[in-house]
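Topology and contacts: notes
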Amino acid sequence: MRPAGALSLAGALSLAGVLVGDSRAQPAGTPLSLDLGRTVPPGGDALSHGRGPDCWEVRKRNSSEWCRFVRSNPDCRLDGGFLDYLEGVFCVFPPRLLPLAVTLYALWLLYLFIILGVTAEKFFCPNLSAISTNLKLSHNVAVFSLMFPLHGVTFLAFGNGAPDVFSAVVAFSDPRTAGLAIGAIFGAGVFVTTVVAGGIALVKPFTAASRPFLRDVIFYMVAVFLTFMILYFGRITLGEALGYLGLYVFYVFTVVLCTWIHRRQRGDGLAPPATWEPEMPTDAEEQESSGTNSGDYGEEYQPLLPSRETSLRILTTALSPLDYRKWRRKPWYWRLFKVFKVPVELVLLLTVPVVDPDKDDLNWKRPLNCLHVLTSPLLCILTLKSGAYGLYQIQGIFPVWGLVTLVGSFLAIITFITTSNEEPPKYHCVFAFLGFLASAMWINAAATELVNILRTLGIIFQLSNTVLGLTLLAWGNSIGDTFSDLTMARQGYPRMAFSACFGGIIFNILVGVGLGCLLQMTSSQLVVKLEPDSLLVWILAGALGLSLVFSFVSVPAQCFQLGKAYGVCLILYYLAFLCVALLTEFRVIHLSAV
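These numbers come from a predicted model, not from an experiment.

Thresholds applied
Residues numbered from 1 in each chain as written. Predicted model: local features only at pLDDT ≥ 70, side-chain atom pairs only at ≥ 80, totals over all residues. Heavy atoms only, no water. Helix = DSSP H or I, 4+ residues; strand = E, 2+ residues; numbered from the N terminus. Buried < 20%, exposed > 50% of the residue type's maximum accessible area, 1.4 Å probe, protein only. Contact = heavy atoms within 4.5 Å. Areas by Shrake-Rupley, 256 points an atom, 1.4 Å probe, with all protein chains shown as cover. Patch = residues over 30% accessible without salt bridge, like charges linked within 9 Å, V, L, I, M, F, W, Y side chains within 5 Å. Salt bridge = Lys/Arg side-chain N within 4 Å of Asp/Glu carboxyl O. Lys, Arg positive; Asp, Glu negative; His and termini not counted. Charge placed at Lys NZ, Arg CZ, Asp CG, Glu CD. Expected span 1.5 Å × (residues − 1). Bend = angle between axes of the 7 residues up to and from the residue. pLDDT = per-residue confidence, 0-100. Core = buried A, V, L, I, M, F, W, Y, C linked by side-chain atoms within 4.5 Å. 1 Å grid on protein atoms, 1.4 Å probe; cavity = no way out; pocket = protein on both sides within 12 Å on 5 of 7 lines; lining within 4 Å. Points joined across faces, edges and corners; volume = space filled by probe spheres on them. Nonpolar A, V, L, I, M, F, W, Y, C, P; charged D, E, K, R; others polar. Phe/Tyr/Trp six-rings, centres within 6.5 Å; stacked < 30°, edge-to-face > 60°. Disulfide = S-S within 2.5 Å.

With that out of the way, let us pick up the overall build of the chain. For the chain, the helix and strand inventory stands at 20 helices and seven strands. Burial statistics for the chain: of 594 residues in total, 53% are counted as buried. For the chain, restricting intrachain contacts to residue pairs at least 6 apart in sequence, the fraction spanning at least 24 positions comes to 80%. For the chain, the exposed area adds up to about 26600 Å²; of that, 66% sits on carbon and sulfur atoms.

So this is what it looks like as structure tokens:
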């Protein structure tokens, strides 16, 4: 992906807080309790902190009682989201069709990951990049040399880690799903630093960049150690939550300072970077490769003489997610995957504007952008708090979505009348902010559904949130990074891909945990209790820390020459960790009662 845009980190984090909303009300002065890795003891009845029987108890009841239990138990209510998955599987489907319901849920889970990936890659990150260009953060040559790495560790990291952070924040918003957040953040960390890093070494042995590697691993180990201590003491205060965000700001400052010192030593001064090896996956080669993909149509298919197209043709062309010339050249598996992505891309094209600074017309599509003036605000109001605000009726008469429709239609007509098809208006940059907000709402909505369906699968299979987080959620959120990093390595940039493994996930753990817990605090409740009452949480934290220590020791010991032996060791380590985690989840490995 290209370096993402120049919206301040604080502004982006505040937006995420607005999207998620406040947590459920707690008595004043009572710390909010987040259950991490809650596991029902065999033969025991789990109670949900005064909420009545735990929803996991539904599978222990007679199948004829499932529906009544789910509807009458407050713990079975899913907060947020558009679909009630628990009621669907236990009330809509008869017990004998439970396997069919699980299969449909699994397919919908995979499709949610596709929605997250497409939204982040094709809509969220490009709009962040456009915001950066419009705010002119990289136009000054003297500033560009220092802002270039800053893009990678702030805006690109936010763009790449948006699904992970949104999923973590949504999971932290409900005490019953907090284990998903811890499992996903730690699980993705173990997966990326072992399987992905090891895969890069297997695909193309290389020499790692010494100073960026040591810097990133040290910061990541500090973040893991802080999280381990918070879990040990069982609570996180306001100062500690802000400390997480402050540590990431310090990490950004360190990256910029190290880059400046490195260039001073090389005698480059403040000249813009040319062919230096990047510390984060944001170098010039990646920009060139991604820049050619800003549109599906190559320049060789452009007409020699410009022709004036009608608004209807511009609209139909802009709404087409398929490039038929590209379709004929691609293999069958690419076509099959594209078929699944087309409905998502079509809906996103209808609701999310994209400003592309790499195009001469900045991707200005007058009829479609005028339509976005109506659809984007309507999308935001209907997805915020699962449509609760959009369905609210003003004075009990007129719904909010109706007011937004009227105002949006009026502005769309004004925009269409005052603009032309050939030239974007001066305020076209506003569409980048609108597209950023709309894509963020899409990611938040998909992440909410993702967390709810994972909790439902956990109840069906009697699995803890932690194991679901470290497997399904971590794998789903990391699959895009896995393919992009391995592709980068095959194309001859293994150092860049390897740096991304350790540098990119620092954002996820520091912002994911810090912001997720910070948003649960109120003026009368400045402490969030964390209850890691499962051995699996400690195994997960220890496995991540041990993998970082292994790389921190072994990579310098090999003089930063990483080959296939290093990659095999990392992958075997992950397989061993996964076996131990699953054996712990199924209570083959457990602590003996004292």
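Back to the text.
Another aspect to go through is a positive patch on the surface. Side chains of R325, R328, R329 and K330 sit close together on the surface and give a patch of like positive charge. One can find R329 in helix 12 (residues 324–329).

This part is about helix 4 (residues 98–134). Look at helix 4: 52 Å from first C-alpha to last across 37 residues, which is about the 54 Å you get at 1.5 Å a residue. Where helix 4 bends most, at A120, the angle is about 40°.

Turning next to the confidence of the model for the chain. Put simply, the chain has an average pLDDT of 79, and 79% of its residues get 70 or more. Across residues 39–50 the pLDDT falls below 50, and counting only partners more than four positions away or on other chains, this stretch makes 26 contacts in the model.

So, on to the nonpolar core. Counting residues in hydrophobic clusters, the biggest one holds 140 residues, and the most contacted among them are F90, F186, I236, F498, F502 and I509. With 18 residues, helix 4 is the single largest residue contributor to this core. Other than its neighbours up to four places away in sequence, I509 contacts I185, F186, Y220, A223, V224, T227, Y244 and G514.

This brings us to empty space enclosed by the protein. Evaluation of the coordinates by the stated rule reveals four cavities of 30 Å³ or more. Here the largest cavity defines a volume of roughly 70 Å³. If you go around the largest cavity, the residues you meet are D164, A184, I185, A188, L473, A474, N477 and N508. Those elements that provide at least two residues to the lining of the largest cavity are helix 7 (178–203) and helix 17 (465–490). For the lining of the largest cavity, the residue count by class is five nonpolar, two polar and one charged.

Our next topic: the packing of aromatic side chains. Per the stated rule, a full pass over the model turns up 20 aromatic pairs. On the basis of an interplanar angle of 65° and a centroid distance of 5.1 Å, the ring pair of F219 and Y251 is categorised as edge-to-face. Here F219 is found in helix 8 (residues 210–233), whereas its partner Y251 is found in helix 9 (residues 238–266), with 32 residues between them in sequence. On the basis of relative accessibility, which here comes to 10%, the residue F219 falls in the buried class. On the basis of an interplanar angle of 65° and a centroid distance of 6.5 Å, the ring pair of F498 and Y566 is categorised as edge-to-face. Of this pair, F498 sits in helix 18 (residues 494–518) while Y566 is found in helix 20 (residues 564–585), placing the two residues 68 residues apart along the sequence. Connected via pairs of aromatic rings, a cluster forms that spans F206, F213, F498, F550, F560 and Y566.

Turning to the state of the cysteines, a few remarks are in order. Per the counting criterion, the structure on display carries two disulfides. Within the chain, bonded cysteines paired by disulfides and numbered along the sequence follow the pattern 1-3, 2-4.

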